[in-house]
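Breakdown of the fold
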Amino acid sequence: MLLVAEMPSLGGSVLEREGAAKILEEIGIMLELKGENPFKSRAYYSAARTVELIGEEELERLVREDKLKDVKGIGSAINKKLKELILTGRLNYYEELKVSIPKELFEILKVPGLGPRKVSALYEMLEITSLAELEYACRENRLVNLKGFGKKTQDNILEGIEFIRRYQGRYFYSEARRLAIILLHKIKEFPALGEVSLAGSIRRCREIVKDIDLVASTDHPDRLTRYFTELPLVAEVIAHGDTKASVRLDDGINADLRVVTKDQFSYALHHFTGSKEHNTALRHRAKNMGLKINEYGLFRLKDEELVACRDETDLFNALGLTYIPPELRENYGEIEAAEENALPSLIEEDDIRGIFHVHTTYSDGLNTLEEVVRHCSVLGYEYVGISDHSQSAFYAGGLKEEDLAKQHEEIEAMRERYPNVAILCGVESDIRADGSLDYPDAVLERLDFVIASVHSGLRMERVKMNERLIHALSHPAVTMLGHPTNRLLLGRDSSLLDIEKVFQAALDNGVILELNASPARLDLDWRHLKMIREMGLMVSINPDAHRLESFEDTRVGVAIARKGWLEKKDVFNTRSRREVEGHLKSRHARAG
DNA sequence: GCCGTTTTCGGCCCGACTGTTTTCAGTCG
């Protein structure tokens, strides 16, 4: 059970910070979450309203004169608690309740349609304690078969979470990019437009972004900024000048448009793509070369003469560099590499030839095996690796041995009907707390591949987690390590582990590392990919798809792979069907 | 936990609505 840590002291008593009414209200909520007698929590709500009505000053007076107990709605118990609160500034009962309930549950209560009973049920049955965990559970269809829940509730919760996120100010890359592209297309409809491009963190494929940056060129900047601020999807204009406008979109995200002249475009695009660290390093370099760079151009220091650049390639070349793709512009060594013409030749979306890590209705996927296979066939994939959950993932309808056997049979039959797609029979096996896998060896060895993943006991201490993962990686049947750190973006930190040791164990055992492309995971982190590449490890970009639409997430995975300097050769599922089948067979020979 | 007595414990506001369930539970206002 999760316990909330001691609240950090913000100075002053809990009373000064929150007010008596707020505290009573919170007690009411916590009692409901704990499943107490509903009339008891109602008594606290009612007392909270009463206290709100009489006001803090009057409340203090009544307490000092011991007349509070005469107020209707305040009986002996609440009277006693308010006395303690007013006279000492704190309330033991409240502090104790708070410690027994994860504070994130209050966040979940903000989801429209979720009250204390349902939140409590989610906590009891699925151990959900945060919005991010709730969202993930919905995406994996965990709520569909939960008593009192269903598909519709799950969809509504997802909508509700999105609603809350809108106002939190940080967005998943995939969602922000989707909105940015809509905006981009709208701007392209401006009649006197020169050029326009995404810029900023979205262009750099950061996994989390705060806003949308766009750069455009035109001879009529004032008209373009006005056009931009008057677009129908703009909810609010934050700033509006002749060359720059900031707006908030209906979806809550902010968007900045910077407008320059046509001959300034390439410089501005580079400048507003960033990162700040990349730009700083580049300005430094320019200065050493007797040049100056800013959003308006590249100039010779001695006479302020412009160095003409038609595009970003010209700009980099003028600085003695090869073109640096936007994803790499983080001052992570890209400038040094570009100087030596040693930048990687980054993987492209079209390099992906097949997909691993797909769930079906056998466990918690939304689509049947046949729907998945047909979809892959339509997409032109050469192979698809089916991997439903294993038996101890009971929350996800994990497969018992006999279910696995049945699925194997169905796959055999389907292979005849879909000869153009290699249907690989696998499983996503839970890594148990001791590092063992979830089926007997004989069962695992019959499969074409095994993804080993941690799904529970995420907060294990570091040394144990290292041992757990390293032990799992040493199992000869393991083909891939699924979502290696278990982080959820905007919601859950990585498990504690020594990532280099885990990578080394994967290398020693010939295990492929998954780059889980689910937008909330993007696990592995791009910051680790460079190390992985240098170690000579192989990565597989897996959508972890629970529905057909999620196959699209593979693109996000490719974006992150690019950001992590990966080339086609570093990624397992860029290989042909024959190569992949060959690899899996050779693993098999080793296992058997 | 409060109230109001039937002075010691039983009742506590409720209707619309949704979604799940098939007669009801939970949320919202």
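Keep in mind the model is a prediction, meaning the values are calculated, not measured.

Further remarks concern the layout of surface pockets. Its boundaries defined by the atoms lining it, the largest pocket holds a volume of some 1300 Å³. Contributing to the lining of the largest pocket are 47 residues, with Ser174, Glu175, Pro519, Asp553 and Val556 lying nearest its centre. Take the lining of the largest pocket: its biggest share by element is 7 residues, from helix H11 (residues 173-188). Of the residues assigned to the lining of the largest pocket, the class counts are 19 nonpolar, 4 polar and 24 charged. By volume, the second largest pocket amounts to about 790 Å³. Taken together, 28 residues line the second largest pocket, and the ones lying closest to its centre are Leu126, Glu127, His455, Ser456 and Leu458. If you list the elements that add at least two residues to the lining of the second largest pocket, you get helix H8 (116-126) and helix H9 (131-139). A breakdown of the residues in the lining of the second largest pocket according to their chemical character gives 14 nonpolar, 7 polar and 7 charged. Taken together, domain 2 (110-168) and domain 4 (349-591) each give at least three residues to the lining of the second largest pocket, which thus spans both.

As enumerated under the stated definition, the model contains 48 salt bridges in all. With a closest N to O distance of 2.5 Å, Glu140 and Arg142 form a salt bridge. Take Glu140: its relative accessible area is 4%, and that puts it in the buried class. Linking Glu330 and Lys563 is a salt bridge whose minimum nitrogen-to-oxygen distance equals 2.6 Å. One end of the pair, Glu330, is in the loop between helix H16 (312-318) and helix H17 (334-339); the other, Lys563, is in helix H24 (residues 553-563), with 233 residues separating them in the sequence. Each member of the salt-bridge network shares a partner with another, and the members are Glu58, Arg61, Glu65 and Lys67.

Topologically, Ala472 is positioned in helix H21 (residues 462-473). Overall, Ala472 belongs to the buried group, its relative accessible area being 2%. A C-alpha to C-alpha distance of 9.9 Å links Ala472 and Val454, two positions 18 residues apart in sequence.

It is worth spelling out H8 at this point. Those residues of H8 not exposed but buried are Pro116, Val119, Ser120, Ala121, Leu122, Tyr123 and Leu126. Buried-residue contacts for H8 involve helix H2 (20-33), helix H7 (105-109) and H9.

Orientation of helix H18 (residues 369-379) relative to helix H19 (residues 401-417), taken along the N-to-C sense of each, is 35°, at an axis distance of 11 Å. Two packed elements cross with a definite hand, and for H18 against H19 that hand is right-handed. Contact with H18, carried on its side by Leu369, Glu370 and Val373, involves Glu410, Ile411, Met414 and Arg417 of H19 and no other residues of that element. Residues belonging to the contact of H18 with H19 are distributed by class as follows: 4 nonpolar, no polar and 3 charged.

Glancing now at the sheet that holds strand E12 (residues 422-430). The strand order across the open sheet formed by 7 strands is E10-E11-E12-E13-E14-E15-E16, and the pairing between neighbours is parallel. Edge positions in the sheet fall to strand E10 (354-358) and strand E16 (539-542), since each has one partner strand and no second. Pairing between strand E15 (residues 512-516) and E16: 4 bridges, direction parallel. Note on E16: the bridge partner recorded for Asn516 is Asn542.

Let us look at the sheet that holds strand E6 (residues 244-249). Strands sit in the order E2-E4-E7-E6-E5 across an open sheet of 5 strands; the sheet is mixed. Strands with a single pairing partner mark the edges of an open sheet, and in this sheet they are strand E2 (193-199) and strand E5 (234-240). Mean inter-strand twist for the sheet, computed between neighbouring axes without regard to direction, equals 20°. Note: E6 against strand E7 (residues 254-260), 5 bridges, orientation antiparallel. Note on E7: the bridge partner recorded for Ala245 is Leu257. On top of the sheet, helix H14 (residues 265-273) reaches E2, strand E4 (211-218) and E7; it is set at about 20° to E2, its chief contact.

Time to look at the pairing of strand E9 (residues 297-300). Judged from the 4 bridges that link them, strand E8 (residues 291-294) and E9 form a sheet pairing that is antiparallel. In the sheet register, Ile293 faces E9, and the bridge partner there is Leu298. Adjacent in sequence and paired antiparallel, E8 and E9 are bridged by 2 residues.

Moving on, we come to the protein's contact with DNA strand B. Around DNA strand B, the structure places 30 residues, and the nearest of them are Gly73, Gly75, Gly113, Gly115 and Asn156. A share of 80% of the atoms of DNA strand B within 4 Å of the protein falls on sugar and phosphate groups. Measuring from a phosphate oxygen of DNA strand B, one finds a backbone N or O atom of Ala77 at 3.3 Å. Secondary-structure elements contributing two or more residues to the surface near DNA strand B are helix H3 (38-54), helix H5 (76-88), H8 and helix H10 (151-166). Per-element tally for the surface near DNA strand B: the top contributor is H3, with 5 residues.

This part is about the packing of aromatic side chains. Taken as a whole and judged by the stated rule, the model has 7 aromatic pairs. When the ring of Phe316 is compared with that of Tyr323, the centres are 5.9 Å apart and the planes differ by 85°; the resulting orientation is edge-to-face. Ring centres of Phe356 and Tyr383 lie 5.8 Å apart, and the angle between their planes is 50°; this geometry places the pair in the tilted category. A residue pair is termed long-range when its members are at least 10 positions apart, and Phe356 in strand E10 and Tyr383 in strand E11 (residues 383-389) qualify at 27 residues. For Tyr383, a relative accessible area of 1% translates into the label buried. Members of the aromatic cluster, connected to one another through ring pairs, are Phe356, Tyr383, Phe449 and Phe572. Over the aromatic face of Tyr93 sits the side chain of Lys81, whose NZ or CZ is 4.4 Å from the ring centroid. One cation-aromatic arrangement involves Lys530 over Trp565; the distance from NZ or CZ to the ring centre is 4.1 Å.

Domain annotation for chain A reports domain 1 (14-101), domain 2 (110-168), domain 3 (173-308) and domain 4 (349-591). Of the residues lining the interface, 13 residues belong to domain 2; the matching set on domain 4 comes to 16 residues. Here domain 2 packs against domain 4, burying approximately 1200 Å² in sum over the two surfaces, 48% of which is carbon and sulfur. Three residues, Tyr136, Asn141 and Arg142, lead the burial of domain 2 against domain 4; their summed loss comes to 43% of the area buried on that side. Taken together, the connections running from domain 2 to domain 4 amount to 1 salt bridge. No other element matches H9, which puts 5 residues into the side of domain 2 that touches domain 4. Residues that form the side of domain 2 that touches domain 4 fall into these classes: 4 nonpolar, 3 polar and 6 charged.

Analysis parameters
- Residues numbered from 1 in each chain as written.
- Chains lettered and ligands numbered in written order.
- Predicted model: local features only at pLDDT ≥ 70, side-chain atom pairs only at ≥ 80, totals over all residues.
- Heavy atoms only, no water.
- 1 Å grid on protein atoms, 1.4 Å probe; cavity = no way out; pocket = protein on both sides within 12 Å on 5 of 7 lines; lining within 4 Å.
- Points joined across faces, edges and corners; volume = space filled by probe spheres on them.
- Helix = DSSP H or I, 4+ residues; strand = E, 2+ residues; numbered from the N terminus.
- Nonpolar A, V, L, I, M, F, W, Y, C, P; charged D, E, K, R; others polar.
- Domains from an automatic or database assignment.
- Salt bridge = Lys/Arg side-chain N within 4 Å of Asp/Glu carboxyl O.
- Buried < 20%, exposed > 50% of the residue type's maximum accessible area, 1.4 Å probe, protein only.
- Contact = heavy atoms within 4.5 Å.
- Axes fitted to C-alpha atoms, helices over the stretch in contact; angles between N-to-C directions.
- Left-handed = near helix turned anticlockwise from the far one by under 90°.
- Pairing = 2+ DSSP bridges.
- Near = heavy atom within 4 Å.
- Polar contact = N/O pair within 3.5 Å; in protein donor to acceptor, adjacent residues only side chain to side chain.
- Phe/Tyr/Trp six-rings, centres within 6.5 Å; stacked < 30°, edge-to-face > 60°.
- Lys NZ or Arg CZ within 6 Å of the ring centre and 35° of its normal.
- Buried area = accessible area lost by both parts, 1.4 Å probe.

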